[in-house]
Amino acid sequence: MNAGIIEIDVHGMNQFQARTRIDAALKKASSATYMIRIIHGYHGGTALKDMIRKTYRKHPLVKRVELSMNPGITELILRDF
């Protein structure tokens with residue numbers, strides 16, 4: 001894990017489980033954390049990816065949602081690095 005980045009893997013979870021894990025990571029994030037990298041995968045469908053990108057783009061702690069070059073990863077930017 002890089003300093004300032006929290007990485008979580010939500011493969012195989014349903015939307016409720018994934019949201020619970022992401023919300024816990026947001027609560028755990030310190031002032032040194034600038035990004036939460038969420039590995040959701042893409043071979044099993046787009047339900048998790050779509051939920052993450054829709055739900056967290058308006059979250060008060062998330063400055064912006066960035067798409068990764070890897071279609072199975074979404075990054076939540078909490079502050080500029």
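First, a word on scope: everything that follows refers to the structure included in this document. (Residues numbered from 1 in each chain as written. Predicted model: local features only at pLDDT ≥ 70, side-chain atom pairs only at ≥ 80, totals over all residues. Heavy atoms only, no water.)

Moving on: the nonpolar core. Ranked by size, the top nonpolar core spans 17 residues in total, and within it Ile22, Ile36, Ile38 and Tyr56 carry the most contacts. Leaving out residues up to four positions away in the same chain, Ile36 has contacts with Ile6, Ile8, Ala25, Leu26, Thr74, Glu75, Leu76 and Leu78. (Core = buried A, V, L, I, M, F, W, Y, C linked by side-chain atoms within 4.5 Å. Buried < 20%, exposed > 50% of the residue type's maximum accessible area, 1.4 Å probe, protein only. Contact = heavy atoms within 4.5 Å.)

As a further point, take helix H2 (residues 47-56). Three or more residues of H2 are buried, namely Leu48, Met51, Ile52 and Tyr56. Projected down its long axis, H2 carries its buried residues within an arc of 100°, all on one side. At its buried positions, H2 is contacted by helix H1 (15-28), strand S2 (35-39), strand S3 (64-67) and strand S4 (73-77). (Helix = DSSP H or I, 4+ residues; strand = E, 2+ residues; numbered from the N terminus. Arc of directions from axis to C-beta.)

Before going further, it helps to spend a moment on the sheet that holds S3. If you trace the four strands from one edge of the open sheet to the other, you get S1-S2-S4-S3, paired in mixed fashion. If you trace the sheet from one side to the other, it starts and ends with strand S1 (5-9) and S3, each paired once. Shown here is a sheet whose adjacent strand axes are inclined to one another by a mean of 20°, direction ignored. Bridging between S2 and S4 involves five bridges; their strand directions are antiparallel. (Pairing = 2+ DSSP bridges. Axes fitted to C-alpha atoms, helices over the stretch in contact; angles between N-to-C directions.)

Okay, the pairing of S2 next. With five of five residues buried, S2 is to be regarded as a mostly interior element. Both faces of S2 are covered, namely the face carrying Met35, Arg37 and Ile39 and the face carrying Ile36 and Ile38. Here S1 pairs with S2 via five bridges, running parallel. Across the sheet, residue Ile8 finds its bridge partner in S2, namely Ile38.

Turning our attention to the pattern of salt bridges. This structure, assessed with the given rule, holds five salt bridges. For Asp80, the salt bridge goes to Lys63, with nearest N and O atoms at 2.7 Å. Placement of Asp80 in the segment after S4 and of Lys63 in the loop between H2 and S3 is noted, with a sequence separation of 17 residues between them. Here Arg64 and Glu66 are joined by a salt bridge, their closest N and O atoms 2.8 Å apart. Take Arg64: its relative accessible area is 33%, and that puts it in the partly exposed class. Each of Lys63, Arg64, Glu66 and Asp80 takes part in a single network of salt bridges with overlapping partners. (Salt bridge = Lys/Arg side-chain N within 4 Å of Asp/Glu carboxyl O.)

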